[in-house]
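So the chains spell out like this:
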Protein chains: 2
Amino acid sequence: MVVENSFTVHPFGYHGTFIHAASVGELEIIEQGLLVVDAAGRIALLEKDILPSNIKDTLATNGFSTSTPVQVLARGQFLIPGLIDTHNHAPQWTQRGTGRGRLIMDWLNTVTFPHEARFADPEYARNTYASCVDGFIRQGVTTASYYGSLHGEATKILAETCLEKGQRALVGKCNMNRNAPDFYKDASAAESLQVTEDFIAHVRKIDPTSRLVTPILTPRFAISCDAEVLSGLGDIAAKNPDLPIQTHFDEATQEMQITKELFPEFENEADLYEHFGLLNNRSILAHCIYVGEYEMGRLKALDCGVAHCPVSNTTGGEFGMAPMREYIRRGIKVSLGTDSGGGYSSSIIDAMRQAFVVSTARETLSGGKDPSLSIAECFFMATLGGAQVCGLDDKIGNFVVGKEFDALEIHTVGQNSGIITPVEDVDQLPDLFEKFIMSGDERNIVKVYVRGRSIKS
Amino acid sequence: MVVENSFTVHPFGYHGTFIHAASVGELEIIEQGLLVVDAAGRIALLEKDILPSNIKDTLATNGFSTSTPVQVLARGQFLIPGLIDTHNHAPQWTQRGTGRGRLIMDWLNTVTFPHEARFADPEYARNTYASCVDGFIRQGVTTASYYGSLHGEATKILAETCLEKGQRALVGKCNMNRNAPDFYKDASAAESLQVTEDFIAHVRKIDPTSRLVTPILTPRFAISCDAEVLSGLGDIAAKNPDLPIQTHFDEATQEMQITKELFPEFENEADLYEHFGLLNNRSILAHCIYVGEYEMGRLKALDCGVAHCPVSNTTGGEFGMAPMREYIRRGIKVSLGTDSGGGYSSSIIDAMRQAFVVSTARETLSGGKDPSLSIAECFFMATLGGAQVCGLDDKIGNFVVGKEFDALEIHTVGQNSGIITPVEDVDQLPDLFEKFIMSGDERNIVKVYVRGRSIKS
């Protein structure tokens, strides 16, 4: 289905402003930069302070053909790394905007499970996942960590859709064999695990070296997985040390209470998931709101990643304020998720903005002890932080020679009569960037690249 | 400049679904409705449960020409009343998206005052206000309560722009004769008041009966107005009992401390503004975050209106949670403001969503004592509540025979590949409406009417 050739591109370049995260608090704005992408879709050259008149000389000096096409970005235009959504329920794409204000179990049973059950129909899955993946690409999501539905076939379709459309993705068959309605529940622990292994084998077949798509182990959460499923998934994780793992973690008061009742032998969720072999440096833990001192220590020691989902955390039945400042202080890996469709928005730009809101709440409520997040920190979480959490920071996340070119071309000027990014002549680069982050949307995203390929239609 | 004829329209009708607020918690969904707008732009007929085949009969029975053009709305399309933005700084239109995380006085001095000072240039004012008013109209704001800059001429241009473009507006010259930089401060109390009176006279000349534009008294806040300005404005208010009044009220800890230092003779801001004759049933009080029991009582007794601005309240230097549930409980008038550009968004739809967020925070932090706002309550604040706060609920706010037709035609289906309002065949009307409120934007707003005139270009 996939042939090697489809992953080669004609080398090309960009000249102008590139903005990326060097580290968690460090935003780097490269002006007059020259970046060249090679045939493998990798960043082969990145030079700063090159005058437009020196582009050809610089290409030649560095061994590139002087006929390499180089797009020169104008004022108000810049490149940023592709956005990374580390927590995304693909089958909830079309339920976004409903279910506001419900507590988690009510929301699952009333809104979500009936909706996800529709993915038993492969035709429905194919159409909806095509819209979903297109929608996220248009919004600049170059890498997504997707929960599928529980269905093997639909989840294979999701993986194939990402591959066809050129989006980088972690894709998981969702495991859930209890505390769900009969019409939407794995038939048994054995079947849940068997469908998972079959799904992994399929993805390894369609993308053998995980150039774009990687299978991810996806126990929905401990409430919906019995010990047999959890320990079976732990075994699969042990046998496949390249596989990432994702689940929901310390998300809501109600969820934590029920988990405690189901697994009274564990003091907390960290111990629970660690016991089953599911907590390690490959774990993407969504939400992480009520994480105490002991669990913080485990997350740090085990090098787990946090997927912060501020949109869903603040519009469900409970206002959740994940302690992002404390995670950053301790060097715990941090990233952002849309949590679409628990979150009403499918935009990582919205997630950045709502992360500011939640961090402002924590600052005020902590009397200033936990300062709110900066633009640089939120942008880091949406890019390099996301890559770290997904275990992909050797490949993507910022503009470093040797990494693959996952990038967005942003235009801030002349967009939509000033409703989004109302730019003025006097604005400097930091103003333009802040306006994009705080008031922009996908209409500012003119091109989307994954591995050097332009994929926004 | 304005002639009577420009306010007449050719009578027309709509058939289909109309959604509006009957009262604060009561959302009315009218299906198979027939609404007719007369030549004066008023709602002349509103009938429910009319089959499309009975449109002509119903027109005839009610005395309308059977050749009246009637637009039949399809599935996924509906009318809602125009959105009302009760707190909006027009000269901050292009600074949106900057200044995040700053405390109020720093934000004013660093970001806002230098920006507003540019409106000394009428040419700049003309261009920027054209973009601003167009931008709000495109987002469905049929009525805005605008703070202008301190400049008389620029503020006249703002009023003229609203009139030309057909937007209903309260427009105020901003009074501020102290605690502001020399380059952006009224020259004296006398000059501040004189420019105000001259501005009021100008608006009365261009729109004598306030068909669209009404002048509004606009002391920025007590920090920037000395007692002479405040009492002078109180005198103008007393002499002009039709004029509304707007100011900022109990907005931020820092602001309240400085106000107390400047006016030690008053225990609180309610007493302060009441003393100067500025607190009554025409007062639009922005923010109202830290309002205690005594002030609550005064707001209720004096019938003041609250302009809740949840976007700016949660992204500035302090997380402010206005007690909207308590205002609603007490029957205090409530509405929504974008607070553009203290708020990064110029959308009242975003303001509704952020109002949910803030109310969810209050629910959680109050242990459930203050339940979060419902869709119906937020929609009320954005429409009928806004009309009440602006003193215009006899004219606009919902679909009632005799009121003027300020309305939006909303299309939820087929918008932008499902990024906004991801509608499915199975969705019922309440789902479509919730998806619009929670995930829609101005791309769902196909037509905008004020007084029966279609004004979205």
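Residues numbered from 1 in each chain as written. Chains lettered and ligands numbered in written order. Predicted model: local features only at pLDDT ≥ 70, side-chain atom pairs only at ≥ 80, totals over all residues. Heavy atoms only, no water.

### Focus on the relation of the copies chain B and chain A
Cut-off, in case you're wondering: Least squares is used to superpose the copies, and the fit set is the C-alpha atoms of residues whose pLDDT is at least 70 in both copies. Whether two residues are in contact is decided by their heavy atoms: any pair within 4.5 Å suffices.
Each copy of the sequence occupies a distinct position, and chain B is placed on chain A by a rotation of 180° and an axial shift of 0.0 Å, giving an RMSD of 0.0 Å. Each copy turns onto its partner about a two-fold axis. Of all interface residues in chain B, 100% are interface residues in chain A too; the two copies therefore contact each other through one and the same surface.

### Side note on helix α5 (residues 189–206) of chain B
Residues and elements named next belong to chain B. Going by this rule: Runs of H or I in DSSP of at least four residues are treated as helices and runs of E of at least two as strands, each being numbered from the N terminus. Helix span, expected: 1.5 Å multiplied by one less than the number of residues in the helix. The cut-offs for exposure are 20% and 50% of the maximum accessible area for each residue type, with area from a 1.4 Å probe on protein chains only; residues under the lower value are buried, those over the upper are exposed, and the others partly exposed.
Between its first and last C-alpha, α5 extends 26 Å over 18 residues, near the 26 Å set by a 1.5 Å rise per residue. Buried within α5 are the following residues: A189, S192, L193, V195, T196, F199, I200, H202, V203 and I206. Those residues of α5 hidden inside the fold are in contact with α4 (152–165), β8 (168–172), β9 (174–175), β10 (213–215) and α6 (227–239).

### Considering the domain arrangement of chain A
Residues and elements named next belong to chain A. Just so we agree on the cut-off: The source of the domain bounds is an automatic or database domain assignment. As used here, buried area is the combined drop in accessible area, with a 1.4 Å probe, of two parts when they are placed together. Salt bridge, as used here, is a side-chain nitrogen of Lys or Arg placed within 4 Å of a carboxyl oxygen of Asp or Glu. Within 3.5 Å is the distance limit for a polar contact, defined as a pair of N or O atoms, with the added protein rule that one can donate a hydrogen and the other accept it, and that residues adjacent in sequence qualify only through two side-chain atoms. Residue classes follow a fixed rule: Ala, Val, Leu, Ile, Met, Phe, Trp, Tyr, Cys and Pro count as nonpolar, while Asp, Glu, Lys and Arg count as charged, and any other residue, Gly among them, counts as polar.
Split by domain assignment, chain A resolves into domain 1 (4–80 + 399–454) and domain 2 (83–389). Contacts between the two partners involve 30 residues from domain 1, matched on the other side by 24 residues from domain 2. When the two sides are added together, the surface that domain 1 and domain 2 hide from each other amounts to roughly 2300 Å², 70% of it contributed by carbon and sulfur. Contact with domain 2 buries area across many residues of domain 1, yet V24, I437 and V450 alone supply 25% of it, more than any other trio. Where domain 1 packs against domain 2, one counts 2 salt bridges. A salt bridge links E404 to R168; the shortest N-O distance between them is 2.7 Å. Scanning the region where domain 1 abuts domain 2 turns up 5 residue pairs in polar contact (both at pLDDT 80 or more). Residue assignment for the side of domain 1 that touches domain 2 shows that the elements contributing at least two residues are β1 (12–23), α15 (429–439) and β17 (445–450). Looking at the side of domain 1 that touches domain 2 element by element, the count peaks at 6 residues for α15. Classifying every residue of the side of domain 1 that touches domain 2 gives 16 nonpolar, 5 polar and 9 charged.

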